[in-house]
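Descriptive analysis of the structure
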Amino acid sequence: MTGQPGEDYREISFDDRMDGTEFRVSERAHITVDTEVCDSCTVRSCLHVCPAKLFVPRADGGILFNFEQCFECGACYQVCDAEGAITWTYPDGGLGVVFRKG
Ligand code: SF4
Ligand code: SF4
């Protein structure tokens with residue numbers, strides 16, 4: 001079991017954390033990425049900062065992005081310096097990540 005009172009969160013494995021996490025996926029993407037802007041980006045901060053690894057480099061140098069398993073942390077939006085690359089909102093009410101399911 002995870003998430004018990006007094007439990008040290010640093011001792012909880014990524015897999016155990018994901019077992020307790022549910023994603024209620026909306027049809028509307030709450031984050032969109034303008035990959036044409038990404039084509040000229042050399043920093044690629046999003047690759048390193050996203051805890052869910054939702055930004056994936058393509059073989060042709062571009063970026064792939066999937067919103068479905070987003071933790072809604074906002075880190076990608078904070079670190080991206082390229083204007084217009086990321087459009088960020090929260091998912092519609094009742095949808096998105098649920099950290100303690102059940
Ligand atoms: S999302 Fe931002 S940081 Fe990531 S590749 Fe695109 S422009 Fe660069
Ligand atoms: S909000 Fe967080 S989890 Fe979602 S795509 Fe951005 S960095 Fe990744």
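Attention here is on the structure that accompanies the text. For clarity, every value in this text was computed on a predicted model and none was experimentally measured.

Our focus in this paragraph is the site of ligand 2. The environment of ligand 2 is made up of 14 residues, and the closest members are Cys50, Cys70, Cys73, Gly74 and Cys76. Tallied by class, residues from the shell around ligand 2 come to 12 nonpolar, one polar and one charged.

Attention now moves to the layout of surface pockets. A volume near 170 Å³ is recorded for the second largest pocket. Lining the second largest pocket are 14 residues, with Cys41, Arg44, Cys80, Asp81 and Ala82 positioned closest to its centre. Looking at the lining of the second largest pocket, its residues break down into 11 nonpolar, one polar and two charged.

Near ligand 1 you find Cys38, Cys41, Arg44, Ser45, Cys46, Ile63, Cys80, Ala82, Ala85 and Ile86, and these make up its full shell. Assessed atom by atom at 2 Å from the grid points, ligand 1 resides in the second largest pocket. Residues that form the shell around ligand 1 fall into these classes: eight nonpolar, one polar and one charged.

By size, the foremost hydrophobic cluster in this structure holds 15 residues, and its most contacted members are Ile31, Val33, Phe55, Phe65, Cys76 and Ile86. When contributions to this core are tallied by element, the ones reaching two or more residues are strand 2 (31–33), strand 4 (63–65) and strand 5 (86–88). If we skip the residues at most four places from it in the chain, Val33 touches Cys38, Phe55, Phe65, Ala85 and Ile86.

With that out of the way, let us pick up empty space enclosed by the protein. Scanning the entire structure with this criterion turns up two cavities of 30 Å³ or more. Approximately 100 Å³ is the volume found for the largest cavity. When the residues that make up the lining of the largest cavity are grouped by side-chain class, the tally is 13 nonpolar, one polar and one charged. Put simply, the second largest cavity is a space of about 70 Å³. Phe23, Arg24, Val25, Ser26, His30, Phe67, Glu68, Cys70, Glu72, Pro91 and Gly96 are the residues that line the second largest cavity. Broken down by class, the residue content of the lining of the second largest cavity amounts to five nonpolar, three polar and three charged.

This brings us to the packing of aromatic side chains. Inspection of every chain in the model, using the stated rule, returns four aromatic pairs. Look at Trp88 and Tyr90: their rings are 4.8 Å apart centre to centre, the planes differ by 75 degrees, and that puts the pair in the edge-to-face class. A relative accessible area of 19% places Trp88 in the buried class. Judged by its relative accessible area of 55%, Tyr90 is exposed.

Scoring rules and cut-offs
- Residues numbered from 1 in each chain as written.
- Chains lettered and ligands numbered in written order.
- Predicted model: local features only at pLDDT ≥ 70, side-chain atom pairs only at ≥ 80, totals over all residues.
- Heavy atoms only, no water.
- Near = heavy atom within 4 Å.
- Nonpolar A, V, L, I, M, F, W, Y, C, P; charged D, E, K, R; others polar.
- 1 Å grid on protein atoms, 1.4 Å probe; cavity = no way out; pocket = protein on both sides within 12 Å on 5 of 7 lines; lining within 4 Å.
- Points joined across faces, edges and corners; volume = space filled by probe spheres on them.
- Sits in = over half its atoms within 2 Å of the grid points.
- Core = buried A, V, L, I, M, F, W, Y, C linked by side-chain atoms within 4.5 Å.
- Buried < 20%, exposed > 50% of the residue type's maximum accessible area, 1.4 Å probe, protein only.
- Helix = DSSP H or I, 4+ residues; strand = E, 2+ residues; numbered from the N terminus.
- Contact = heavy atoms within 4.5 Å.
- Phe/Tyr/Trp six-rings, centres within 6.5 Å; stacked < 30°, edge-to-face > 60°.

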